[in-house]
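The chain contents come next:
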Amino acid sequence: MDVKRLQLWKDRHATMLSNDLIKTIIEDGGGMVRELSNTNKYGGRVNAHPLFYFLGKGSSVAEDANHDLYNNANLLYTLGGNFFCFPNFGPPHSYNNTNLPPHGFTANGLWNVVKYGTDGETGATWLLSTLIGVGDYPYIANKIEMLLPNHPVLYSSVTIENPSDNPIIANAAWHNTTGSPFLESGCIINLAAKEFVTVEKGSEFDSTGRLAMGATFDDLTKAPLRSGGTCDIEQVPGMIGFTDLISGKIPSENKLGWASVINPAQQMVYFTFFPGPSAVEEDEIPLTFNNLWMQYGGRKFTPWALYEGGTDHTFCLGVENSIGYYASGLAESVKQGNLLGSPTTVTIKPHSRRVQRYATAFTDYEQVKMGSGIQSVEQVVEGIVLKRGKYWAFIESDSTFHFLKELEKKVLN
């Protein structure tokens, strides 16, 4: 078990947490999880998260001579493999007298590292950092990242405190993104959601997508196309020249929310999990949707391409989990109120706090048949079992977040 501070580039710092299985690097800026790596069956270490070719190395996009490439968007300049979005999940806009940056202040601000260390009781390595809201969003965010011995899992919690006399209405999301060398053609996607909807007309995907707009469906292998007919989006096709987004409603009876990407060739699985709708407690921030951002070559503009109208060089897959109206932003989420019958915002009452607990696992598995995908997921005392017929894969983990809750009591007090 190890925890240490790193300088990635000039004026850019991060924290490295590791155990005997996984290693993660979390940058202070935006809380970007740049690396979540494990060893594959060949013994090589693989990072599940993409290191985007256009990743900026300076202190900010405003000070970079190439800022036009990024359309002056700092989020694109610092984009990482996973980060927490609050209070906005979507494009920049103004709401409630406040200018909201893309995917919120938490994805764009500088997280202040308060302390880090190793817990003597559990052996966990951990990091505590904070971020303060602005304007009409005067929240205090405390974020904990934790690794446990022998668990191939990064555990995260974000506690949002509202010290004001007014309620905070917000989106919340974890923006998990898988990329090469883990992600490749033939990977299999599975989600907790059973009911799906494609983005509506008028979004950023109008000119990039192949899927029908505003269409509902209940099978990832039969997603509706704009040209008619259906296509299989459960299997990652590779660079096909399209970029699409869908949202899926997590069933209200689920005790566990989850999303999975399996690489059959490497026999590895990237698996996110969090409290499902029926298990969310009153002081928790729920995540009600699985989202798939399928970045397969449809963005023929910078920085995804080298020039406007050029070749999209960016291949990645977002398996995001959220409470929001698609990824259309807070104002639209408030206006619409629900999607597929589930709420699109969360409210933090005055002088109260709510917490979001989340986990990202990355590990190998033994049974080759699991490479065809997950049919069901079971929580057991020792962790999580992924099932396909008589075959299974086991992820040793704290699926009820007991140890994360105990650590919160120690480090937040």
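Here, every reference points to the structure presented above.
Note that the structure is predicted; figures quoted are calculated from it, not measured.

### Quick notes on the overall build of the chain
Here is step 1 of the chain: When its secondary structure is counted, the chain shows four helices and 32 strands.
Here is step 2 of the chain: Taken over the C-alpha trace, the chain has a radius of gyration of 20 Å; the compact-globule value for 413 residues is 22 Å, and the two agree within 12%.
Here is step 3 of the chain: Across the 413 residues in the chain, those meeting the buried criterion constitute 58%.
Here is step 4 of the chain: Contacts spanning at least 24 positions in sequence make up 63% of the contacts within the chain whose residues lie at least 6 apart.
Here is step 5 of the chain: Carbon and sulfur atoms make up 49% of the accessible area of the chain, which amounts to about 16100 Å² in all.

### A word on helix 4 (residues 402-412)
Here is step 1 of the chain: Taken residue by residue, helix 4 has L404, L407, E408 and V411 as its buried positions. Here the buried residues of helix 4 occupy an arc of 110 degrees about the axis, which is enough to place them on one side.
Here is step 2 of the chain: Packed against the buried residues of helix 4 are strand 9 (112-118), strand 10 (125-132), strand 11 (140-147), strand 12 (153-162) and strand 29 (352-364).

### Overview of unusual backbone geometry
Here is step 1 of the chain: The omega angle of the peptide bond from F86 to P87 is 0 degrees, so this bond is cis rather than trans.
Here is step 2 of the chain: By the element assignment, P87 lies in the loop between strand 6 (84-85) and strand 7 (93-95).
Here is step 3 of the chain: In this structure, the amide linkage connecting S180 to the following residue, P181, adopts the cis form with an omega of 10 degrees.
Here is step 4 of the chain: By the element assignment, P181 lies in the loop between strand 15 (177-179) and strand 16 (188-191).
Here is step 5 of the chain: In this model, D11 sits at a positive phi of 65 degrees, which is unusual for a non-glycine residue.
Here is step 6 of the chain: Considering the arrangement of structural elements, one finds D11 in the loop between strand 1 (2-9) and strand 2 (12-18).
Here is step 7 of the chain: Phi at F401 takes a positive value of approximately 65 degrees, unusual for a residue other than glycine.
Here is step 8 of the chain: Turning to its location among the elements, F401 is positioned in the loop between strand 32 (391-396) and helix 4.

### A look at the sheet that holds strand 32
Here is step 1 of the chain: Taken in spatial order, the three strands line up as 30-31-32 in an open sheet, and their pairing is antiparallel. Looking at the sheet topology across the chains shown, the edges are occupied by strand 30 (376-380) and strand 32. For this sheet, the mean inter-axis angle between neighbouring strands, taken without regard to orientation, is 20 degrees.
Here is step 2 of the chain: Here six bridges tie strand 31 (residues 383-388) to strand 32, and the two strands are oriented antiparallel to one another. Looking at strand 32, one finds that K387 is bridged to W392.

### Topic: the nonpolar core
Here is step 1 of the chain: By size, the foremost hydrophobic cluster in this structure holds 53 residues, and its most contacted members are F86, Y139, Y155, F271, F273 and L386.
Here is step 2 of the chain: Setting aside chain neighbours within four positions, we find F273 in contact with V153, Y155, L256, G257, W258, Y358, A359, I384, S397, D398, S399 and F401.
Here is step 3 of the chain: Judged by nonpolar contacts, the second largest core, of 38 residues, contains L191, A259, M268 and F362.

### Considering the side chain of N162
Here is step 1 of the chain: Looking at where N162 falls in the secondary structure, it is placed in strand 12.
Here is step 2 of the chain: Contact partners of N162, with chain neighbours within four places excluded, come to P167, I168, I348, K349, P350, H351 and S352.

### Section: the sheet that holds strand 4 (residues 33-39)
Here is step 1 of the chain: Spatial strand order, 1-2-3-4-5: five strands in an open sheet with antiparallel pairing. Each end of this open sheet is capped by a strand with a single partner; those strands are strand 1 and strand 5 (45-47). When the angles between neighbouring strand axes are averaged without regard to direction, this sheet yields 20 degrees.
Here is step 2 of the chain: Inspection of the sheet shows strand 4 paired to strand 5 by three bridges, in the antiparallel sense. Bridging across to strand 5, S37 finds its partner in N47.

### Some words on the pairing of strand 24 (residues 289-296)
Here is step 1 of the chain: Taking burial as the measure, the eight residues of strand 24 include eight buried ones, the bulk of the element.
Here is step 2 of the chain: The two faces of strand 24 match: F289, N291, W293 and Q295 on one face and N290, L292, M294 and Y296 on the other face are all buried.
Here is step 3 of the chain: As defined by bridge partners, strand 21 (residues 242-249) adjoins strand 24 across eight bridges and the pair is classed as antiparallel. Bridge pairing in strand 24 links F242 to Y296.
Here is step 4 of the chain: As judged from the eight bridges shared by strand 24 and strand 25 (residues 315-323), these two strands associate in the antiparallel manner. Its bridge partner being in strand 25, F289 is matched across the sheet by S322.

### Looking at the environment of V411
Here is step 1 of the chain: When you line up the elements, V411 lands in helix 4.
Here is step 2 of the chain: Judged by relative accessible area, which is 8%, V411 ranks as buried.
Here is step 3 of the chain: Linking V411 and G80, residues 331 residues apart in sequence, is a C-alpha distance of 26 Å.
Here is step 4 of the chain: Not counting the four nearest positions on each side in its chain, V411 is found in contact with K115, W126, L128 and I144.

### Here's the deal with the pattern of salt bridges
Here is step 1 of the chain: Going through the model one piece at a time under the given rule, you end up with 13 salt bridges.
Here is step 2 of the chain: The partner of E378 in a salt bridge is K387, and the shortest N-O contact between them spans 2.4 Å.
Here is step 3 of the chain: Of the residues examined, E378 reaches a relative accessible area of 33% and is grouped as partly exposed.
Here is step 4 of the chain: K409 is the partner of E406 in a salt bridge, and the nearest nitrogen-oxygen pair spans 3.2 Å. On the criterion of helical spacing, the pair formed by E406 and K409 is a turn pair, its members being three residues apart in helix 4.
Here is step 5 of the chain: Because the salt bridges share partners, they merge into one network encompassing R12, E27 and R34.

What counts, and at which threshold
Here the residue numbers are simple positions, counted from 1 along each chain's written sequence. At least 70 in pLDDT is required for a residue's local features to be given in this predicted model, at least 80 for side-chain atom pairs to be given and counted, and no such filter applies to totals for whole chains, interfaces and linings, which use all residues. The basis for the side-chain values is all heavy atoms of the structure; hydrogens and waters are excluded. Secondary structure elements are defined from DSSP: runs of H or I of at least 4 residues count as helices, runs of E of at least 2 residues count as strands, and each element is numbered from the N terminus. Two things to know: the radius of gyration comes from C-alpha atoms, and the globule rule equals 2.2 Å times the number of residues to the power 0.38. Each residue is placed in one exposure class: buried if its accessible area under a 1.4 Å probe, protein chains only, is under 20% of its type's maximum, exposed if it is over 50%, and partly exposed if it falls in between. Between two residues, a contact is recorded if the distance between any of their heavy atoms is within 4.5 Å. Note on areas: Shrake-Rupley with a 1.4 Å probe; residue coverage comes only from the protein chains shown. It is the directions from the helix axis to the C-beta atoms that the arc portrays. Strand pairing follows a simple DSSP-based rule, namely that at least 2 bridges must link the two strands. What counts as an axis is a line fitted to C-alpha atoms, over the stretch in contact for a helix, and the angles between N-to-C directions run from 0 to 180 degrees. By nonpolar core is meant a set of buried Ala, Val, Leu, Ile, Met, Phe, Trp, Tyr and Cys residues that side-chain atoms within 4.5 Å join together. Any Lys or Arg side-chain nitrogen located within 4 Å of an Asp or Glu carboxyl oxygen qualifies as a salt bridge.

Keep in mind these numbers describe shape, not what the thing actually does.
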